[in-house]
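One-letter residues, chain by chain:
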Amino acid sequence: MQQNEKPSEYSPQEIMVASAAKEIHNREVVFVGIGLPVLACLLAQRLHAPDMVMVYEAGVIGARPARLALSIGDPTLASDSTMIVDFHDVFALLLQRGLVDASFLGGAQVDKYGNVNSTVIGPYETPKVRLPGSGGACDLAMAKRGLIIMPHEKRRLVEKVDFVTSPGHMGGPEARKKRGTLGGGPSAVITTLGILRFDKDTGEMYLDSCHPGVSVEEVRQNTGWDLKVSPTIRQTEPPTAEELRLLREQIDPRGIFLKRPVG
């Protein structure tokens, strides 16, 4: 198989990671989470962003781990890192000063303005489900832009979240500015079915591309509101053979976060 050949077999997680990696640019400071986000950053670092700076919540800046980290406190993150600081410095001196270019977010619910809920399902006082809560997720929304990776399900992509843990574009493009909220809000939502972005005039999410084999109708049926679709809707670029080789052989060879395609 040639390097640029497009393989036919890859998992939903692999196309999500490859798509997320393309959202990262060289020399950017990126706040990384464990799981698919760290795979995307490691892939970008190996392919087109060798000088990107990865920041972990535990206080590691400029990490180049010798192996895949299993948590934000994994000792391997100290490998060849630029510096190690404490929680306060990461959040106060980087995120809250506007020095982080991109951050990765996830949650139980995301609404059409990119607001993220990881606190409760149902009313706050009498919730159906009590979730883990914010942690650093509210601060992560202060990055210049946010990247959200999540499964594409109607119960997760809702018209309005039950609780705003991490603010997106709130209720429109000027809402963050009017409330004095730092950061630029999310720029992309990468799901198991496609890639969604945000309209600059309304702040509302729209479908930008469908993954190979996925129809617009399938995406809309799995979304909790009348999802708008780009007039230039396209097909997501599938992962290349080189991207899959790096993911499977170097970045996550044990399949800790990536599920291999069946068959």
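Before reading on, note that the structure itself is shown above.
What counts and how
Residues numbered from 1 in each chain as written. Predicted model: local features only at pLDDT ≥ 70, side-chain atom pairs only at ≥ 80, totals over all residues. Heavy atoms only, no water. Core = buried A, V, L, I, M, F, W, Y, C linked by side-chain atoms within 4.5 Å. Buried < 20%, exposed > 50% of the residue type's maximum accessible area, 1.4 Å probe, protein only. Helix = DSSP H or I, 4+ residues; strand = E, 2+ residues; numbered from the N terminus. Contact = heavy atoms within 4.5 Å. Polar contact = N/O pair within 3.5 Å; in protein donor to acceptor, adjacent residues only side chain to side chain. Salt bridge = Lys/Arg side-chain N within 4 Å of Asp/Glu carboxyl O. Pairing = 2+ DSSP bridges.

1. Comments concerning the nonpolar core
Soluble globular proteins tend to pack their nonpolar side chains together in the buried interior. One finds Val 17, Val 30, Leu 39, Cys 41, Leu 43, Tyr 56 and Phe 104 to be the most contacted residues of the largest nonpolar core, which totals 36 residues. Where this core is concerned, the elements lending two or more residues are helix 1 (12-21), strand 1 (29-32), helix 2 (36-47), strand 2 (53-56), strand 5 (102-105), strand 10 (145-150), strand 12 (186-191) and helix 7 (241-251). When residues in this core are grouped by element, the largest group, eight residues, is from helix 2. Leu 39 has contacts with Val 17, Leu 68, Leu 247, Ile 251, Asp 252, Phe 257 and Leu 258, leaving out every residue within four places of it along the chain. Listed in part, the 29 residues of the second largest apolar core include Phe 31, Val 189, Leu 196 and Val 214.

2. Topic: the side chain of Arg 145
Inspection of the secondary structure assignment puts Arg 145 in strand 10. A distance of 2.8 Å separates polar atoms of two side chains, one belonging to Arg 145 and the other to Glu 28. With residues up to four places along the chain from it excluded, the contact list for Arg 145 reads Glu 23, Ile 24, His 25, Glu 28, Asp 101, Ala 102, Ser 103, Gly 185 and Ser 187.

3. Regarding the pattern of salt bridges
Side chains carrying opposite charge are able to pair once their charged atoms draw close together. Enumeration over the complete set of coordinates arrives at 15 salt bridges. In this structure, Arg 156 engages Glu 153 in a salt bridge whose closest nitrogen and oxygen atoms are separated by 3.2 Å. A residue is classified by how much of its surface remains accessible, and Glu 153, at 26% relative accessible area, is partly exposed. Between Asp 208 and Arg 197 there is a salt bridge, with its nearest N and O atoms 3.2 Å apart. Taken together, the residues span a long stretch of sequence, with Asp 208 in strand 14 (residues 205-210) and Arg 197 in strand 13 (residues 194-198) at a distance of 11 residues. For Asp 208, a relative accessible area of 10% puts it in the buried group. Because the salt bridges share partners, they merge into one network encompassing Glu 23, Arg 197, Asp 208 and Arg 234.

4. Let's talk about the pairing of strand 14
Counting buried residues along strand 14, five of its six residues qualify, which places the element largely inside the surrounding structure. With five bridges joining them, strand 13 and strand 14 adopt antiparallel strand pairing. Following the sheet pairing, Arg 197 is matched in strand 14 by Tyr 206. Linkage of strand 13 to strand 14, two consecutive antiparallel strands, is achieved through a turn of six residues, within which Gly 203 is found at a positive phi near 75°. As paired elements, strand 14 and strand 15 (residues 228-235) share four bridges and run parallel to each other.

5. Considerations on the environment of Phe 104
Relative to the elements of secondary structure, Phe 104 occurs in strand 5. Take Phe 104: its relative accessible area is 6%, and that puts it in the buried class. Here the alpha-carbon distance between Phe 104 and Ala 20, two residues 84 residues apart in the chain, equals 9.5 Å. Apart from the residues lying within four places of it in its own chain, the contact partners of Phe 104 are Ala 20, Ile 24, Val 30, Phe 31, Pro 37, Ala 40, Cys 41, Leu 140, Leu 147 and Ile 149.

6. Remarks on the environment of His 25
Among the structural elements, His 25 can be located in the loop between helix 1 and strand 1. Residues His 25 and Ile 256 lie 231 residues apart in sequence; the distance between their C-alpha atoms is 25 Å. Non-local contacts of His 25, meaning those with residues more than four positions away in its chain, are made with Ala 49, Met 52 and Arg 145.

7. A word on the sheet that holds strand 7 (residues 116-117)
One open sheet accounts for three strands, arranged 7-6-11; its pairing is mixed. In the strand order of this sheet, the two ends are held by strand 7 and strand 11 (157-158), each with one partner. With two bridges connecting them, strand 6 (residues 109-111) and strand 11 associate as parallel partners. Residue pairing for strand 11: Asp 111 is matched across the bridge by Val 158.

8. Some thoughts on the environment of Arg 64
Residue position: Arg 64 is located in the loop between strand 3 (60-61) and strand 4 (83-84). Note on Arg 64: relative accessible area 36%, which makes it partly exposed. Residues Arg 64 and Gly 172, 108 residues apart in the sequence, show an inter-C-alpha distance of 38 Å. Excluding anything up to four places from it in sequence, Arg 64 contacts Gln 45, Pro 50, Asp 51, Ser 79 and Asp 80.

So far we have only geometry, and geometry alone does not tell us how the molecule works.
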